[in-house]
Structure formats: structure tokens, C-alpha cells
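Structural description and commentary
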Amino acid sequence: MTRTAWGIGLATISTLDDTVLDTWYPSPALGEPGPASPFDVPAAVAALESSDPTRRVARTVVRTTIDLDAPPESAQDAYLRLHLLSHRLVTPNSIALDGIFARLANVVWTSAGPCSPVDFETTRALLQAHHPGLTVHGVDKFPRMTDYVLPDGVRIADASRVRLGAYLAPGTTVMHEGFVNFNAGSLGVAMIEGRVSQGVVIDDGTDIGGGASIMGTLSGGGTARVVIGRRSLLGANAGLGISLGDDCVVEAGLYVTAGTKVTVLGDRQALETLSTAVPDLATARRDEAGRPVVSARTLSGVDNVLFRRNSLTGGVEVLPRATRTVELNAALHAQ
């Protein structure tokens with residue numbers, strides 16, 4: 001079956017070259033528009049249709065229906081997908097986003113609204129008469145999420161750090177140095193003080209420490225999607241290129257990639273328990289002390305493990321955490 005979605009939006013179009021700069025969908029919906037969801041334009045949206053000669057744009061109502069499993073066909077199509085994600089109608093990695101960069105134009109995001117980068121210095125001069133404190137927030141293909149969607153139950157300390165298309169579950173806090181890209185985010189209560197890259201999903205009760213970074217799939221990051229389970233902690237300034245299961249910890253300052261060589265510690269019982277989740281552990285090569293040494297990708301997604309660096313040898317070690325868990329400060333996430 002074809003999975004569809006639709007929306008009535010307001011598109012901003014440059015009068016210089018007819019480029020679609022953005023499209024805002026106040027109430028996107030899944031399925032086909034029909035008798036129960038008429039494709040009539042809300043009066044509040046229709047009233048916003050206008051021409052702005054100082055910003056050199058026109059704003060026009062658009063009606064968009066898309067196939068969620070086909071790549072985006074236009075800028076309006078791409079913006080509808082990003083809205084669906086930020087409205088929490090679809091989860092990250094569940095809809096087609098192939099080629100989305102080609103569908104989106106570079107835009108000058110200003111305090112007066114989106115502008116074309118074409119001859120922008122003239123546009124800036126025109127705007128100064130009506131907006132003497134004009135600020136250019138950036139030049140990019142993706143806008144800030146909060147300029148289009150404000151999901152309930154979240155805290156975002158710096159709106160410029162969360163792109164449209166981010167998925168933030170209720171109870172999520174994004175601190176000043178946190179960053180959440182499009183098609184990424186949290187599935188439950190979470191503390192984000194580090195970087196959640198495109199395609200990355202973190203689960204309920206998890207903490208991404210200050211300055212930490214999670215490897216995404218853009219700019220040569222590969223195709224594997226990183227998932228972090230429940231009640232896990234990525235320590236401050238740590239990095240991660242593999243998935244974590246539930247109740248895991250990566251020590252502060254440690255970057256673990258798929259190829260990182262890891263020495264597995266623990267008593268015989270702990271290793272036997274770990275071997276049930278990692279069958280390759282039994283046949284792994286051993287170090288001089290007889291301990292298994294594996295690539296970190298072997299442990300991707302395994303529950304209840306701690307990754308740390310040996311302060312004497314510099315080697316990366318992993319050991320079982322038994323029943324220990326990570327607990328967030330409930331007062332910081334109360335709605």
C-alpha cells in the first residue's frame with residue numbers, strides 16, 4: 001500500500017528567480033485528503049498570501065500530497081516531510097528522504113524572514129528601512145525547527161541548534177551546546193548536551209553529555225544508523241560510531257568507532273553472559289592475559305556494557321555493568 005501524507009502550506013517564493021525558499025505547513029496530516037479532512041484553505045493561512053517587495057518574495061498557498069516511500073519531488077514535498085518529523089507524525093528513518101538536499105535551496109535566514117541569496121546586499125538595503133536591526137541568522141538549506149514547529153513538552157535552550165525535521169519526544173531537553181539534525185532525535189525523555197547527527201535516534205532516559213558527538217550518515221559517515229538505547233550515557237566530549245543498547249555508558253572523552261579495538265574484561269560468569277549477546281566473543285583472539293580482543297562493531301547494540309580507556313596503557317576496554325542503570329534528573333525534564 002502507498003503511504004501518503006498531505007498538507008496545506010504557505011510557500012515563500014523569490015521574485016528574483018522563482019526559487020521556493022521555504023514552505024510552512026501548520027497542520028500536516030497522514031493519509032489522503034478526503035471528506036473527513038477537506039483540502040480547503042484555512043482562513044488564517046489564506047490571509048497570509050502576500051507580496052513583499054522589500055524582501056523580494058511572494059507568499060502563496062500550496063496544497064501538497066506526497067508518497068512517503070518515494071524520494072522528495074520538490075521543495076514543498078521536502079518541507080512537508082520535515083514538518084511531519086517535527087510534528088512527531090513519523091519517526092526518524094521511517095520515510096524516504098533521498099536527494100532532499102537537491103530539492104532545498106540555500107536561503108538567507110533573517111529576522112525579517114527567508115530571503116534569496118541572489119543580490120542579497122540590495123535586499124539588505126531595502127529591508128533596513130523597515131527592519132533597522134536586521135539580523136542574518138545564517139545561510140543554509142535547513143531552517144530552525146522552532147520557526148515552523150514547536151512540539152509540546154520540550155525545552156530548547158538555543159533554537160538555532162535544532163533543525164526543522166528533528167524529532168523530539170515530550171520530556172526532551174536540548175541544552176545550549178546540544179544539536180539535533182533533521183531526521184534524528186529522541187524517542188523518549190532525554191538530555192541532549194552534545195551532537196545528535198542525521199539518522200541518529202536516542203531512546204528514553206538517555207543522556208548525551210556536553211560536547212559529545214554521535215556519528216551520522218552525512219559527509220562520509222557511512223550507511224549504518226546509530227541507535228542509542230534506554231537509560232544510557234554518552235559522557236562529556238565522548239564520541240560514538242556504533243549503536244549502544246540499554247543501560248550502557250561511554251566514558252567521558254572516549255571516541256568509539258566501529259573499528260576501535262576493544263579488550264573485554266570481566267570474570268568468567270560475566271564473560272559467559274556477554275557471550276550470549278556476542279557469539280563471536282568465544283572465538284575472538286586473546287591478548288597476553290587471555291582476554292578477548294574484538295572490534296567495537298562486534299559489541300554494537302549490546303546492553304549493559306561500559307566502554308572506558310585504560311589510564312595507564314591507553315587501550316580501550318569494555319566490561320559488563322550488571323544491573324546498574326543511568327538515571328536522569330527528573331526535575332530537569334518535568335513538563
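By the naming in an unreviewed UniProt entry, the chain is 2,3,4,5-tetrahydropyridine-2,6-dicarboxylate N-succinyltransferase, taken from Miniimonas arenae. Under Subcellular location (unreviewed entry), UniProt gives the following word-for-word description of the chain: "Cytoplasm".

**Here we look at the UniProt feature "active site" (unreviewed entry) in the chain**
Residues annotated in UniProt with the feature "active site" (unreviewed entry) correspond here to Glu193. Within the secondary structure, Glu193 sits in the loop between β14 (190–192) and β15 (195–196). Apart from residues no more than four positions distant in its own chain, Glu193 is found in contact with Met175, Glu177, Gly178, Asp207, Ile208, Gly209, Gly210 and Gly211.

**A word on the UniProt feature "binding site: succinyl-CoA" (unreviewed entry) in the chain**
If you check UniProt for "binding site: succinyl-CoA" (unreviewed entry), the listed places come out as Arg195, Gly210, Ser213, Ala236, Glu251, Ala252, Gly259, Arg308, Arg309, Asn310 and Ser311 in our numbering. These annotated residues cover 117 residues of sequence, and their C-alpha atoms reach 25.6 Å apart at the extremes, leaving them scattered rather than at a single site. By the element assignment, Ser213 lies in strand β18 (residues 213–214). According to the relative accessible area criterion, Ser213 is partly exposed, its value standing at 22%. Each residue touching Ser213, except ones within four places of it in the same chain, is listed here: Arg195, Leu234, Ala238, Gly239, Leu240 and Tyr255. Residue position: Gly259 is located in the loop between β23 (255–256) and β24 (261–264).

**Some words on the sheet that holds strand β6 (residues 107–110)**
Strands sit in the order β7-β6-β8 across an open sheet of 3 strands; the sheet is antiparallel. Bordering the open sheet on either side are β7 (113–115) and β8 (136–140), each of which pairs with just one other strand. Strand after strand, the sheet turns through a mean of 25 degrees between neighbouring axes, direction not considered. Contacting β6, β7 and β8, helix α4 (residues 120–128) crosses the sheet at an angle of about 145 degrees to β7.

**A few points about the nonpolar core**
If you look at the biggest cluster of nonpolar residues, it comprises 68 residues, and the most contacted ones within it are Ile214, Leu240, Val250 and Phe307. Here the element with the most residues in this core is helix α2 (residues 75–86); it accounts for 6 residues. Counting the residues that make up this core, at least three belong to each of domain 1 (4–32 + 42–140) and domain 2 (145–327). Excluding residues that lie within four positions of it along the chain, Phe307 makes contacts with Ile242, Leu244, Val249, Val250, Glu251, Leu254, Val256, Val262, Leu299, Glu317 and Val318. Ranked by size, the runner-up nonpolar core spans 6 residues in total, among them Ala112, Cys115, Phe120 and Leu127.

**Points about the domain arrangement of the chain**
Under the domain assignment used here, the chain contains domain 1 (4–32 + 42–140) and domain 2 (145–327). If you average the C-alpha positions of domain 1 and of domain 2, the two centres end up 33 Å apart. Facing the 19 residues of domain 1 at the interface are 22 residues of domain 2. In this assembly, domain 1 packs against domain 2 so that about 1,700 Å² is buried in total across both faces, 60% of it on carbon and sulfur atoms. Its largest share of buried area at the contact with domain 2, domain 1 owes to Ser86, Arg88 and Asn93, together 40% of the area lost on that side. The interface formed by domain 1 and domain 2 includes 2 salt bridges. Taking the shortest distance from any N to any O, the salt bridge between Asp152 and Arg88 comes out at 2.6 Å. Every element with two or more residues in the side of domain 1 that touches domain 2 is listed here: β2 (20–24), α2 and α3 (100–103). If one sorts the elements of the side of domain 1 that touches domain 2 by residue count, α2 sits on top with 5 residues. Looking at the side of domain 1 that touches domain 2 residue by residue, the classes come out as 10 nonpolar, 6 polar and 3 charged.

Reading guide: rules and limits
Residues numbered from 1 in each chain as written. Predicted model: local features only at pLDDT ≥ 70, side-chain atom pairs only at ≥ 80, totals over all residues. Heavy atoms only, no water. UniProt positions renumbered as here; feature names shortened; annotations may be inferred. Helix = DSSP H or I, 4+ residues; strand = E, 2+ residues; numbered from the N terminus. Contact = heavy atoms within 4.5 Å. Buried < 20%, exposed > 50% of the residue type's maximum accessible area, 1.4 Å probe, protein only. Pairing = 2+ DSSP bridges. Axes fitted to C-alpha atoms, helices over the stretch in contact; angles between N-to-C directions. Core = buried A, V, L, I, M, F, W, Y, C linked by side-chain atoms within 4.5 Å. Domains from an automatic or database assignment. Buried area = accessible area lost by both parts, 1.4 Å probe. Salt bridge = Lys/Arg side-chain N within 4 Å of Asp/Glu carboxyl O. Nonpolar A, V, L, I, M, F, W, Y, C, P; charged D, E, K, R; others polar.

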